[in-house]
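Inside the fold
Take a look at the letters that make up each chain.
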Amino acid sequence: MMEQTTCFHCGNDCNTTVITFNDKPFCCNGCKTVYEIFSENDLTCYYDLENAPGAIPSEIQGKYDFLNQNNIIEKLVEFDDGHTQVATLYIPHIHCSSCIWVLENLNKLNVNIISSQVNFGKKTVRVTYNSEKSSLKETVLLLGSIGYEPYISLDDFNTGKRNVNRSLIYKLGVAGFAFGNVMFLSFPEYFEVGEYWLEQYKHLFRWIMFAFSLPVVFYAGRDYFISAFKGLKAQLLNIDVPIALGIAVLFIRSSIEIMFDLGSGFFDSLTGLVFFLLLGKFFQHKTYNFLSFERDYKSYFPIAVTKITSEGIETPIQVYEIEKGDRLLIRNEELIPVDGILINGKARIDYSFVTGESKSVSKISGDKLFAGGKQTSGVIEMEAIKSVEQSYLTQLWSNDVFNKNKEDRFTTLTNKISKKFTIAVLSIAVLATLFWLFTDASKAINVFTAVLIIACPCAIALSAPFTFGNLLRIFGKQKFYVKNAAVLEQLAHINTIIFDKTGTITSNKKSTATYEGKELSTTEATLLKNTLRGSNHPLSRSLYDILEEHQILTLHHFEEHLGQGIEAKYGDHNMKIGSASFVGSTDTSVLNTTVHISTNNDYKGKFTFYNSYRKGLSKLFNKLKTQYDLVILSGDNNGEEANLKKLLPAKTKLIFNQKPDDKLEYIKYHQSEGANVLMIGDGLNDAGALAQSDVGIAVSENVNVFSPACDAILDASRFKQLDAFIEASKKAVRIIKWSFILSLIYNIIGLYFAVTGQLAPVVAAILMPLSSISIVVFTTIATNIIGRKLK
Amino acid sequence: MSVIYILLTISIIVAVVFFIAFITAVKNGQFDDSYTPSVRMLFEDEIVKEQPKPSVKIKKTN
């Protein structure tokens, strides 16, 4: 029995052969080569920082030839002055400090690289290199050779130079700066009323405060006016209406007070209010840099493919320039960018991106190929019959759902309460003014403005951002990454949950297989296991992992036939493993994935693979069934129907053979019947459904790998906790309701001062921050308690 | 007491200087990536160590 050794470079088990170099074990030549590159260049520190941090370098021969084309380079580099170019490359493998270290020392591997800087959160490296002596292609190839192959997709082509929006930080900075200074300047007047020196200088102090508040109102607080205006225009009393009203009244009344020397104004409360509000916004805008929730097919598609010209020359061509009738060369592991017809080569296409169906399909020349499929065996030639945008898969994105903003579709809890709140505040203000008009008319305007100032719903506006913001972070730690606060609120209102099947409730990694046929002798079983060892085909690997351990043999003959199977020989035993036709069986069942076996041309039997469902699936469904309608909406055939019926609660609806469009329409129909739909999917085929649903969650085995556009990404290992996440968001909504009550109490206290006409600036300056801070403290503690229960 | 004008001017200038420093920092992208610099800081040692390293390596391969 072999002892398991792990590769010094990548940490994988050295299954097949151990390559020893410099007393260190490596699982393959690729890993060994990377180690050699590093040790020759004194970069072995790479292995000191973390254990086995590397990745196996992939075969990239010819893959990046398109980087020779200037029009493509132009789109990818950020800066180019003829001598130096700067490019930011996305590298999915970046995961530890060793990665940062080696990528920032690229200049040791190639002197023409001037500098390189890693952004760990975004998993990018920004490389500056001498473009006269080196090129983008050389840089990419270098990265590929050390196991850090960058991911260049069609998405990079359109955006090119991205602009980062930092306006919120600027605004927060301005408001904080003004708030601090205004507090300083207004402090003396809180206490020393009538003191000689203060009387002399207070006008100066007031005018400086006025100056500080100008950028706060007109720059930092601008968004509230814009949003309030938009809301009013749409006849909506959103939360920004009373806020904008409060800011405006504060500013106008304060300015008038200091102009006519009536008082010191409320500049402290004004700047403080805007600062706290922006802080809430900042907190809510917590984003996951390394995740993207907006991906469409462009993130999956290559930027260029190889075209074969009529003279038979291979040239790279930009995907957008592909025309009907072009001949394209698709290499192993490359994506088919357009619909077309197979001309020659053996195609084995993995359509899992498109259909979610995990089984790859074989095609022969003359068959139609759809865009989005991945070639998995050797090189093929095809003829394009459509352009990229008109292809079957990409057409899904022309559906209207992808252009609508989901957040516009529902009213948030805050906006719901703000309507009642605004009406109440305005009526109190009017009533109080009327009362004072008859008792003491000189105080009427004073009271009116004081009510609007003190009732400014700062605390209400902060409740939701801080509650959801904190819950977002707690969920993030539990590997459930939610796009924004609005999604959490929607999640609390779900009543129907729709699951995709393949990749969502089944796991991609482990399959189970059963054997049917003649019993295999010990020799045959040993030979089978040993034959599978040598093959890298996904099915061989799964089967290898399922079978029992056997003695290791050195095969006398081993041959892999692409797209068909493997043939091996040991002594006088000859074994064939593969498709039915390859092995010589007449079995024609197509519903399930099968691997057939024969020895010495005598058919033995077949292994049938079944989906392996995620752990805790039935338990989860049983927990969910009491509260929600459950549906399985699958793109697959119904081969698994009997199995699913056994596993899931009886009332679960099972629907098979759904095309991407069907899924979208199904959800749309149920929404029109009043359902709030949570869609859980994984592949691009679910993209339409995820966009149409009220909340779309993508399940992902590895969150760094791409998932379709969605509202949240759930790590597959946390799938069984789905019910707990939904429950937590329901509790969060309850917390927000409680904090509304809390802030209303503060408002009532403030209104007492305002209505009785005794609102001094110092009362406002204490009450407003106090209410905001206590809301922040309350929501943070309450959400942390919820979070603790999640574990 | 007119010294208060000077004091006020100085205090505001100091505040504005820090404010400008903050704005430039944001503009230069210092707030874009808050994680990598914390790791990068710890690497300084390894890079310095590299110069004398070849001698160590020769021993190893012999």
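Residues numbered from 1 in each chain as written. Chains lettered and ligands numbered in written order. Predicted model: local features only at pLDDT ≥ 70, side-chain atom pairs only at ≥ 80, totals over all residues. Heavy atoms only, no water.

Let's talk about the packing of aromatic side chains
In this description, an aromatic ring pair is defined by two values, namely the gap between the centres and the angle between the planes. Residues and elements named next belong to chain A. All chains considered together, the criterion is met by 29 aromatic pairs over all chains. Here Phe 210 and Phe 267 contribute two aromatic rings whose centre-to-centre distance is 6.2 Å and whose plane-to-plane angle is 75 degrees, an arrangement assigned as edge-to-face. In this pair, Phe 210 sits in helix α8 (residues 196-220) while Phe 267 sits in helix α11 (residues 267-284), placing the two residues 57 residues apart along the sequence. For the pair Phe 210 and Phe 267, a shared accessibility class is recorded, and that class is buried. What links up through ring pairs into an aromatic cluster is the set Phe 8, Phe 21, Phe 26, Tyr 35, Phe 38, Tyr 46, Tyr 47 and Tyr 148. The ring of Tyr 219 has Lys 171 lying over it, and the distance from NZ or CZ to the ring centre is 5.8 Å. Positioned above the aromatic ring of Tyr 224 is the side chain of Lys 281, whose terminal nitrogen or guanidinium carbon lies 4.7 Å from the ring centre. (Phe/Tyr/Trp six-rings, centres within 6.5 Å; stacked < 30°, edge-to-face > 60°. Helix = DSSP H or I, 4+ residues; strand = E, 2+ residues; numbered from the N terminus. Buried < 20%, exposed > 50% of the residue type's maximum accessible area, 1.4 Å probe, protein only. Lys NZ or Arg CZ within 6 Å of the ring centre and 35° of its normal.)

Re the pattern of salt bridges
Oppositely charged side chains may form a pair once their charged atoms are brought near each other. Residue and element names in this part refer to chain A. A complete count under the given rule lists 18 salt bridges over all chains for this structure. With a closest N to O distance of 2.9 Å, Asp 223 and Lys 171 form a salt bridge. In this pair, Asp 223 sits in helix α9 (residues 222-233) while Lys 171 sits in helix α7 (residues 167-191), placing the two residues 52 residues apart along the sequence. Since its relative accessible area comes to 27%, Asp 223 is described here as partly exposed. A salt bridge links Asp 500 to Lys 663; the nearest nitrogen and oxygen atoms lie 2.9 Å apart. Of the two residues, Asp 500 sits in the loop between β17 (496-499) and β18 (506-517) while Lys 663 sits in helix α23 (residues 660-672), which places them 163 residues apart along the sequence. Since its relative accessible area comes to 2%, Asp 500 is described here as buried. Here the salt bridges do not stand alone but share partners, grouping Lys 518, Glu 524, Asp 602 and Lys 604 into one network. (Salt bridge = Lys/Arg side-chain N within 4 Å of Asp/Glu carboxyl O.)

Here we look at the confidence of the model for chain B
Detailed conclusions should not be drawn from predicted coordinates in areas where pLDDT is low. Residue and element names in this part refer to chain B. Looking at chain B, pLDDT values average 73 and 68% of them are 70 or higher. Averaged pLDDT values for the elements of chain B fall to 40 in helix α4 (residues 53-61) and rise to 91 in helix α1 (residues 3-27). Note on residues 48-62: pLDDT is under 50 here. Beyond four places in sequence and across chains, it has 12 contacts. (pLDDT = per-residue confidence, 0-100. Contact = heavy atoms within 4.5 Å.)

Observations regarding the interface of chain B and chain A
Taken together, the contact between chain B and chain A spans 29 residues of the former and 36 residues of the latter. Across the interface of chain B and chain A, roughly 2800 Å² is buried in total on both sides, 66% from carbon and sulfur atoms. Here Glu 104 of chain A makes a salt bridge to Arg 40 of chain B, at a shortest N to O gap of 2.7 Å. The tally of links between chain B and chain A comes to five residue pairs in polar contact (both at pLDDT 80 or more). Looking at the side of chain B that touches chain A, the elements with two or more residues in it are α1, α2 (36-40), α3 (44-49) and α4 of chain B. The element best represented in the side of chain B that touches chain A is α1 of chain B, accounting for 11 residues. Partitioning the side of chain B that touches chain A into residue classes produces 17 nonpolar, four polar and eight charged. (Buried area = accessible area lost by both parts, 1.4 Å probe. Polar contact = N/O pair within 3.5 Å; in protein donor to acceptor, adjacent residues only side chain to side chain. Nonpolar A, V, L, I, M, F, W, Y, C, P; charged D, E, K, R; others polar.)

Details of the nonpolar core
All names here are of chain A. Counting 116 residues, the largest nonpolar core has Ile 497 and Phe 499 as the members making the most contacts within it. It is helix α25 (residues 722-755) that provides the largest number of residues to this core, a total of 12 residues. Both of domain 3 (167-287 + 413-466 + 731-790) and domain 5 (478-504 + 615-729) provide at least three residues apiece to this core. If we skip the residues at most four places from it in the chain, Ile 497 touches Leu 624, Tyr 628, Asp 629, Leu 630, Val 631, Leu 678, Ile 680 and Ile 726. Ranked by size, the runner-up nonpolar core spans 75 residues in total, among them Cys 31, Leu 136, Tyr 148 and Ala 384. (Core = buried A, V, L, I, M, F, W, Y, C linked by side-chain atoms within 4.5 Å. Domains from an automatic or database assignment.)

A closer look at the side chain of Asp 500 of chain A
Within the structure, the side chain of Asp 500 of chain A is placed 3.1 Å from the side chain of Thr 504 of chain A, a separation counted as a polar contact. Within the local environment of Asp 500 of chain A, its side chain forms a polar contact with the side chain of Lys 663 of chain A, the two groups lying 2.9 Å apart.

Let's talk about the sheet that holds strand β27 (residues 695-700) of chain A
Residue and element names in this part refer to chain A. The seven strands lie next to each other as β16-β28-β27-β26-β17-β24-β25, forming an open sheet whose pairing is mixed. Of all strands in the sheet, those bounded by a partner on one side alone are β16 (480-482) and β25 (653-655). On average, each strand axis in the sheet is inclined to that of its neighbour by 20 degrees, with strand direction left out of account. Relative to β25, strand β24 (residues 629-633) is paired through three bridges, and the arrangement is parallel. Considered in β25, the bridge of Leu 633 is made with Ile 655. (Pairing = 2+ DSSP bridges. Axes fitted to C-alpha atoms, helices over the stretch in contact; angles between N-to-C directions.)

Quick word on the environment of His 95 of chain A
All names here are of chain A. Relative to the elements of secondary structure, His 95 occurs in the loop between β4 (84-90) and α4 (97-103). Of the residues examined, His 95 reaches a relative accessible area of 39% and is grouped as partly exposed. Taking the C-alpha atoms as reference points, His 95 and Gly 54, 41 residues apart in sequence, are found 9.7 Å from one another. Excluding residues within four positions of it along the chain, His 95 makes contact with Pro 53, Phe 120 and Lys 123. Of note is the side chain of His 95, whose polar atom sits 2.9 Å from the backbone oxygen of His 93.

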